[in-house]
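Architecture at a glance
Spelled out from the first residue to the last, the chains are:
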Amino acid sequence: MLSRGYIAFRGLLSRTGCLNIEQKRNAQVSIVGAANEIGSNLAILLKQNKYITRLNLYDDDEKVLRVGAELSEIPKGPVVTSYNGNSFLPASIRFSHLIIMVSRVPRRPGYTRDQMLEVNAPPVQKLCRTMADVNPDAFLAISTNPINSIIPLASSLLFRYSAYDAAKIFGITHIDTCRARAYASKALNVNPRHLHIPVIGGHSDKTITPLFSNITPSHYKVDPCQADTLTRLVKKAGMEVINNKLGIDSATLAMAWSINEFADNILQAMYGDYVVVNSYTSNPHYGTRFFSGPTRVGCYGIVETCNSNFNMTEYEKHILGNAITDINKDVARGEEYARVIAEVKH
Ligand code: LMR
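Here the structure, examined in full by the defined rule, presents one disulfide. What pairs with C18 in a disulfide is C299, and their sulfur atoms sit 2.1 Å apart. The disulfide joining C18 to C299 has a torsion of about -50° about its S-S bond and is therefore left-handed. Taken together, the positions of C18 in the segment before β1 (27-32) and C299 in the loop between β10 (290-298) and β11 (301-304) put the pair 281 residues apart, joining distant regions of the chain.

Spelled out as structure tokens, the structure:
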């Protein structure tokens, strides 16, 4: 059992201030797992980001060197540097304000996200160990599955390595709200750009809980029958993509797009704005230790996690009730796994 300090938001007291607003482009961002399809697509999107001055790409796969070389041919945007192999991980993240981890073995058809824990946990442990050594103050955002267990695992590891700050660690679940917006916009025949739909709970078929009743602008209405269909679509979307790709990969392009939108929001927060991102974070408001939903972030990290003041339909309450049981199991598995791998050396 971790101590009460485990959920303390140390970021609020952190000495790292906002980035300099006068000098717009001065953020450094690292992508860990930049050779894979999500990582390389995210890299080209972040190459166009107005806040970033240095973009570091890291991967165990030497393909990352070719991704970096090609991006360096683009005559604008941040300076791109690529790093390959364990011994370069510290250099690749040392001075970054935001570290985005997208390393993962993709799921196969028929596999649930929680079956990916053992295969995806080792790179997370390696990153947490290195972060604790060289850059404990950075924001860490992870999209590696199973997010429901990986964030408790990473939090628990960072806590053991004396580098945990609950305000600065995010599971990127932005894809779920992107999908909800995309599907609802089709059903309602409106522009998704103007829609906001909270998706709470966790990031797995059983725990993703879209709240179509809370759609904004509130003059849009999703009727109960549409809500049922759209909810099923959002929950199953990840597996649909895997099946469409004949089991060769999971979602990559939409993932990269949603992580880019998430990262752009976080960078905006680092420059002093308050932003809301959909993410899975330490959160005690729902009877679980971690929970996903709209999260308010400022330049010191999370200032407000998703809390239980949504008006929900009976259908949404039912889905959420089931989700909470599963989230608690997933959190326990992640924390237990942290005990198993905490001292592994790479
Ligand atoms: C997704 O939602 O598409 C991702 O979590 C990837 C996956 O395995 O489903």
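Counting residues in each nonpolar core, the largest one holds 46 residues, and the members touching the most others are L153 and I200. Split by domain, the residues of this core number at least three in each of domain 1 (4-173) and domain 2 (174-329). In this structure, L46, V64, I259 and V275 belong to the second largest nonpolar core, which totals 42 residues.

The subject of this paragraph is the layout of surface pockets. By volume, the largest pocket amounts to about 390 Å³. Along its surface, the largest pocket is lined by 16 residues, and T177, R181, H196, I197 and V276 are the ones closest to its centre. Contributing elements (two or more residues each) for the lining of the largest pocket: α6 (174-188), α8 (253-270) and β9 (275-282). Counted by class, the lining of the largest pocket contains six nonpolar, seven polar and three charged residues.

Along the polypeptide, N49 turns up in the loop between α1 (37-46) and β2 (52-59). What makes N49 buried here is its relative accessible area of 5%. Along the backbone, N49 and L157 are 108 residues apart, and their C-alpha atoms lie at a distance of 31 Å. Other than its neighbours up to four places away in sequence, N49 contacts R25, P78, D264 and L267. Engagement of the side chain of N49 in a polar contact is seen with the side chain of D264, the distance being 2.9 Å.

Take empty space enclosed by the protein next. A full pass over the atoms with the stated rule returns three cavities of 30 Å³ or more. Approximately 190 Å³ is the volume attributed to the largest cavity. The wall of the largest cavity is formed by 18 residues, among which R113, N145, S250, A251 and M255 lie closest to the centre. Structurally, the lining of the largest cavity is a two-domain feature, drawing no fewer than three residues from each of domain 1 (4-173) and domain 2 (174-329). Roughly 60 Å³ of volume is contained in the second largest cavity. Lining the second largest cavity are M131, P136, A138, L140, L158, A163, Y164, D165, K168 and I169.

Attention shifts here to the site of the ligand. The environment of the ligand is formed by R107, R113, N145, R179, H203, G238, I242, S250 and A251. Contact with the protein chains hides 96% of the accessible area of the ligand, taken as 260 Å² for the molecule alone. In this structure the site holding the ligand corresponds to the largest cavity. The two domains that each donate at least three residues to the shell around the ligand are domain 1 (4-173) and domain 2 (174-329).

Summarising the element assignment, D176 is placed in helix α6. The buried charged residue D176 lacks any salt bridge, with R179 as its nearest oppositely charged partner at 4.3 Å. Apart from the residues within four sequence positions on either side, D176 is in contact with V199, G202, H203, I208 and V234.

As defined by bridge partners, β10 adjoins β11 across three bridges and the pair is classed as antiparallel. In the sheet register, R296 faces β11, and the bridge partner there is E304.

Scanning the entire structure with this criterion turns up ten salt bridges. When the shortest N-O distance is used, the salt bridge between D249 and R104 registers 2.8 Å. You can see D249 sitting in the loop between α7 (224-244) and α8 and its partner R104 sitting in the loop between β4 (98-101) and α4 (117-134), a full 145 residues away along the chain. In terms of burial, D249 and R104 fall into one category: buried. With a closest N to O distance of 3.1 Å, E336 and R339 form a salt bridge. In this pair, E336 and R339 both sit in helix α9 (residues 314-341), three residues apart, roughly one turn of the helix. One salt-bridge network, held together by shared partners, links R113, D205 and K236.

Turning our attention to the pairing of β4. Residues L98 and I100 point to one face of β4 and I99 and M101 to the other, with burial holding for every one of them. As paired strands, β1 and β4 are joined by four bridges and run parallel to one another. What sits directly across from V32, in β4, is M101. Pairing of β4 with strand β5 (residues 139-142), which is carried by four bridges, proceeds in the parallel orientation. Looking across to β5, one finds that I100 is bridged to A141.

About the criteria used
Residues numbered from 1 in each chain as written. Predicted model: local features only at pLDDT ≥ 70, side-chain atom pairs only at ≥ 80, totals over all residues. Heavy atoms only, no water. Disulfide = S-S within 2.5 Å. Helix = DSSP H or I, 4+ residues; strand = E, 2+ residues; numbered from the N terminus. Core = buried A, V, L, I, M, F, W, Y, C linked by side-chain atoms within 4.5 Å. Buried < 20%, exposed > 50% of the residue type's maximum accessible area, 1.4 Å probe, protein only. Domains from an automatic or database assignment. 1 Å grid on protein atoms, 1.4 Å probe; cavity = no way out; pocket = protein on both sides within 12 Å on 5 of 7 lines; lining within 4 Å. Points joined across faces, edges and corners; volume = space filled by probe spheres on them. Nonpolar A, V, L, I, M, F, W, Y, C, P; charged D, E, K, R; others polar. Contact = heavy atoms within 4.5 Å. Polar contact = N/O pair within 3.5 Å; in protein donor to acceptor, adjacent residues only side chain to side chain. Near = heavy atom within 4 Å. Areas by Shrake-Rupley, 256 points an atom, 1.4 Å probe, with all protein chains shown as cover. Sits in = over half its atoms within 2 Å of the grid points. Lys, Arg positive; Asp, Glu negative; His and termini not counted. Salt bridge = Lys/Arg side-chain N within 4 Å of Asp/Glu carboxyl O. Pairing = 2+ DSSP bridges.

None of this, on its own, says anything about what the molecule does.
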